[in-house]
Structures are given as structure tokens and as C-alpha cells.
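# Summary of the model geometry
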Amino acid sequence: MTSLLVQAFIYLCAAVIMVPLAKRFGLGSVLGYLIAGVIIGPVTGLVGQEASTIQHFAEFGVVMMLFLVGLELEASALWKMRHRLLGLGGLQLLLTTVAISGMALLLSQSWSISLAIGLIFSLSSTAIVLQTFNEKGLTKTEGGSSAFSVLLFQDIAVIPMLALLPLLALPELQAAAANLVDTAAQHEELSLVADLPAWAAAIVVLATVIGLVASGHYFSGPLFRFVAKAELPEVFTATALMLVVGIAALMNLVGLSPALGTFLAGVVLASSEFRHQLEADIEPFKGLLLGLFFITVGAAINFEILNNNLAVIIGLTLGLMLLKALVLFVLAIVFDIRGSDRWLFFLSLAQAGEFGLVLLSYAITQHILPEPLAQTLSIVVALSMFLTPVLFIIFDK
């Protein structure tokens, strides 16, 4: 218990000191959290291996964030952005995957490893981008809404990626499977669709989504009114958390993205009379968990690998961000995004994202990428996220 309290104090102390300093110097809160993580992790060693475990818990902040984003969008608004969602988001994912896979092939990687790297690096950071948009009031701009369309499509695309990646497994890594812990199998123990044929699993998934939408539309109002009659704010807060946690768990059980499920629930509840109360109750938890997530990203950077391959990792990071920015710049021209919105669009999405870290861990357990390569790529992802607030500073200037 004492150790847990000490660790919690270290994380909170780092955030309390570094985030206000970063904001004061115009660096933004996200960069403050990342610097705090680097200081308490690689630099001073105050936190250790538990950072990666805490990171998985803190990723729930992304789930809460997308729930709040959904609350700001009604179904009609989502339908209006369908062309950008499918056209802009789909092309970004396709072109970026092809470009990065091609570069990996030129660097003498096999086609399966190259395709896996392309898929993983095609994703951007929903957490950093939307958090920064909210802080700077950029969400409603054309560049901000276009970037959101791409991020939402990427979050949806994670689902087929999880199905595709195991097909790229390397035989030589599968032969050494006895030495690896198959975490995917552990998750399947709590799956409703793991042992079903494909057609039955599809029916279960479809029924779950329809049931979620119908329940949100018809039953959420009576539930909130029942809870509101108690006139206890903490019970309403518990109800809001119960909804988000329950929906996330349900999505995991049917093999869908929790973030996508809570976003959909938020869209359904956008017209609810209790929308503003839900936002007020969830916002503090979202902010704390996202901050914790950013700290763990900074703390998880392995400086030993970074020092041993400094030139290579920096080159890969800058090359990745430049390549993604070029693809996004071309798409901005094609979709007629002009002026400062064009700069915002391609600068904000040039990094790799938190789902890339998740897929890299998955790629190790599924024997798709060698562990040393995956560790190097995870540092590239973390560094690109670390540099993203700098890009927003460039945009401000």
C-alpha cells in the first residue's frame, strides 16, 4: 500500500510541477506531461516497469475522450461528414500505409514486416490531437474537423487491422512461441465471439451495435431521470462512469474498439437532456487519465535503446513525420483545404499514435515483428508523439 501511494505521489507531483511550467512557456499541457514522464522515468528512475502497465489503464482516458466528442455530435452532423470520413480518412490510411511500407521495403525488410509497419505507422494520436484542439479552440475549424474525420476513420480501422495482422505472422517467430506470453489468448477467454463461426460473430457484433443504439435512445432517459430524483451528484457521476465502463467492456467482449463504442454511445446521447451533466461528470476523469497516459508515454521511452541507435531512431522519426506530412499535404490540396487550415491539418496528424503502441505490443505477441525491432519502433512512435506539441507551436507562429 505504501509503495502504491508513493508511486501515485510521484506521478501527481510531476504533473503538478511540469504542466503549469509548460503552459507558462507556451508549450502546451501535453508536452508538459510528456516531459514529466521523461524526468520521473528514464532521467531519474523514480518509476520503472509499472509505467507500461499503468499505460494500459490510462488508455481509458482516450475512451472517455471519444465519449465526450460523441456528445458534441448529433447523428445528423455525423452523416454530413461522411464524405470526409470515408474519402479523406480512407485515402490517408491507404496512401500512408503504401508509402511507409514502400520505404520499409527499401530498408530491406520483408513484405510482411513492411506491411505491418505501414499499418501501424499510418495511425495518428487521437489523444494528443483532440486534447490540443480543445485547448486551443481549433475543433470547429475546417482543418480541425478534417483532422477529426481522419482520426475517427483510423479508430474504426483498428478493428480490421487486429484481424489482418495475425495473417502476417513470421514462421520463424511462431517457432519460438513457447518463449512468448500470448496475451491475445488471455483476452479471448472473455470473448463472446472467439469460438463462433464468422457469420455468427458478425450477427453478434451487429446485434450488439443495434442494441447499444436502441438502449441509448429509449432507456437512457428514464435511467437518468430515476437517478436524478435521488438528488445526489455522486450517484449521477457513478451512473455516467458505469455507462462508459460498461460500454467499453461490452465492445471488448465482441471484439470491437472500446473507443469506437463509447463514441457511438456519445452520438446517441447527444440529444439527451442530461448531456451537459454527463460532460461535467466525465470531463475530470478524462483529463486525469489522459494526463497519466501522456506521462507513461514519456516514462516508457527506453533511453538505452535510444542511445545505442540514436541516429537511426531520430532519422526514422523525422522521416516518418515528413512522409506522413507530405501525404496529408497532398490530400489537403485534393480536398480543397486552404490557408491556415491546410497547415493545421497536415501538421497535427504527422505523428504516430497511441494505438500504434497497442498494435506493436500485439505484433510481438502474434509473432509478426521481432521484439528488438518492435522496441525500436515503439521509441519512434513515442518520439513522434513527443514532437507533436512542437508542431502545434510552429502552427501558432
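Summary of the structure given here. These figures come from a predicted structure and were not determined experimentally. (Residues numbered from 1 in each chain as written. Predicted model: local features only at pLDDT ≥ 70, side-chain atom pairs only at ≥ 80, totals over all residues. Heavy atoms only, no water.)

## Quick notes on the packing of aromatic side chains
Taken as a whole, this structure holds nine aromatic pairs when the rule is applied. Both rings, one in Phe148 and one in Phe263, keep their centres 6.1 Å apart while their planes meet at 55 degrees; by these two values the pair is tilted. One end of the pair, Phe148, is in helix α9 (residues 142-164); the other, Phe263, is in helix α15 (residues 258-268), with 115 residues separating them in the sequence. Under the relative-accessibility criterion, Phe263 is labelled buried at 4%. Geometrically, the ring pair formed by Trp343 and Phe346 is tilted, given 5.5 Å between the ring centres and 40 degrees between the ring planes. On the criterion of helical spacing, the pair formed by Trp343 and Phe346 is a turn pair, its members being three residues apart in helix α19 (residues 339-348). Under the relative-accessibility criterion, Trp343 is labelled partly exposed at 48%. Classification of Phe346 as buried rests on a relative accessible area of 10%. Of the aromatic side chains, those joined through ring pairs into one cluster are Tyr33, Phe293 and Phe294. (Phe/Tyr/Trp six-rings, centres within 6.5 Å; stacked < 30°, edge-to-face > 60°. Helix = DSSP H or I, 4+ residues; strand = E, 2+ residues; numbered from the N terminus. Buried < 20%, exposed > 50% of the residue type's maximum accessible area, 1.4 Å probe, protein only.)

## A word on the pattern of salt bridges
Taken as a whole and judged by the stated rule, the model has six salt bridges. With a shortest N-O distance of 2.8 Å, Asp396 and Lys136 are connected by a salt bridge. In this pair, Asp396 is assigned in helix α21 (residues 371-396) and Lys136 in helix α8 (residues 126-136), connecting sequence segments 260 residues apart. You can call Asp396 partly exposed: its relative accessible area is 43%. On the accessibility criterion, Lys136 (34% relative accessible area) is partly exposed. A salt bridge links Glu273 to Arg225; the shortest N-O distance between them is 2.8 Å. Of this pair, Glu273 sits in the loop between α15 and α16 (275-299) while Arg225 sits in helix α13 (residues 220-228); the two residues are 48 residues apart in sequence, bridging distant segments of the chain. (Salt bridge = Lys/Arg side-chain N within 4 Å of Asp/Glu carboxyl O.)

## With respect to empty space enclosed by the protein
For the structure shown, the criterion picks out one cavity of 30 Å³ or more. Of the voids in this model, the largest cavity is the one considered here, and its volume is about 60 Å³. Considering the residues around the largest cavity, the lining is formed by Gly26, Leu27, Gly28, Ser29, Val30, Thr132, Glu135, Lys136, Pro389, Phe392 and Ile393. At the level of secondary structure, the elements contributing two or more residues to the lining of the largest cavity comprise α2 (29-43), α8 and α21. For the lining of the largest cavity, the residue count by class is five nonpolar, four polar and two charged. (1 Å grid on protein atoms, 1.4 Å probe; cavity = no way out; pocket = protein on both sides within 12 Å on 5 of 7 lines; lining within 4 Å. Points joined across faces, edges and corners; volume = space filled by probe spheres on them. Nonpolar A, V, L, I, M, F, W, Y, C, P; charged D, E, K, R; others polar.)

## Here's the deal with the environment of Phe57
Here Phe57 shows up in helix α3 (residues 50-58). Spatially, the C-alpha atom of Phe57 lies 9.2 Å from that of Leu292, the residues being 235 residues apart in sequence. If near-sequence neighbours (up to four positions away) are discounted, Phe57 is found in contact with Leu289 and Leu292. (Contact = heavy atoms within 4.5 Å.)

## Some points on the nonpolar core
Of all hydrophobic cores here, the largest spans 98 residues; its most connected members are Phe121, Phe263, Phe294, Phe345 and Leu369. With 10 residues, α21 is the single largest residue contributor to this core. The next biggest cluster of nonpolar side chains, apart from the first, holds 25 residues, and it includes Phe67, Val227, Leu243 and Leu269. (Core = buried A, V, L, I, M, F, W, Y, C linked by side-chain atoms within 4.5 Å.)

## Quick notes on the packing of helix α4 (residues 60-71) against α16
In contact at an axis separation of 8 Å, α4 and α16 are set at 150 degrees when each is read in the N-to-C sense. It follows from the interaxial angle that α4 and α16 lie roughly antiparallel. Regarding α4 and α16, the two cross each other, and that crossing is left-handed. Between α4 and α16, the residues in contact are Phe60, Gly61, Val62, Met64, Met65, Phe67, Leu68 and Leu71 and Arg275, Leu278, Glu279, Ile282, Glu283, Phe285, Lys286, Leu289 and Leu290, respectively. For the contact of α4 with α16, the class distribution of residues is 12 nonpolar, one polar and four charged. (Axes fitted to C-alpha atoms, helices over the stretch in contact; angles between N-to-C directions. Parallel < 35°, antiparallel > 145°, perpendicular 65-115°, else oblique. Left-handed = near helix turned anticlockwise from the far one by under 90°.)

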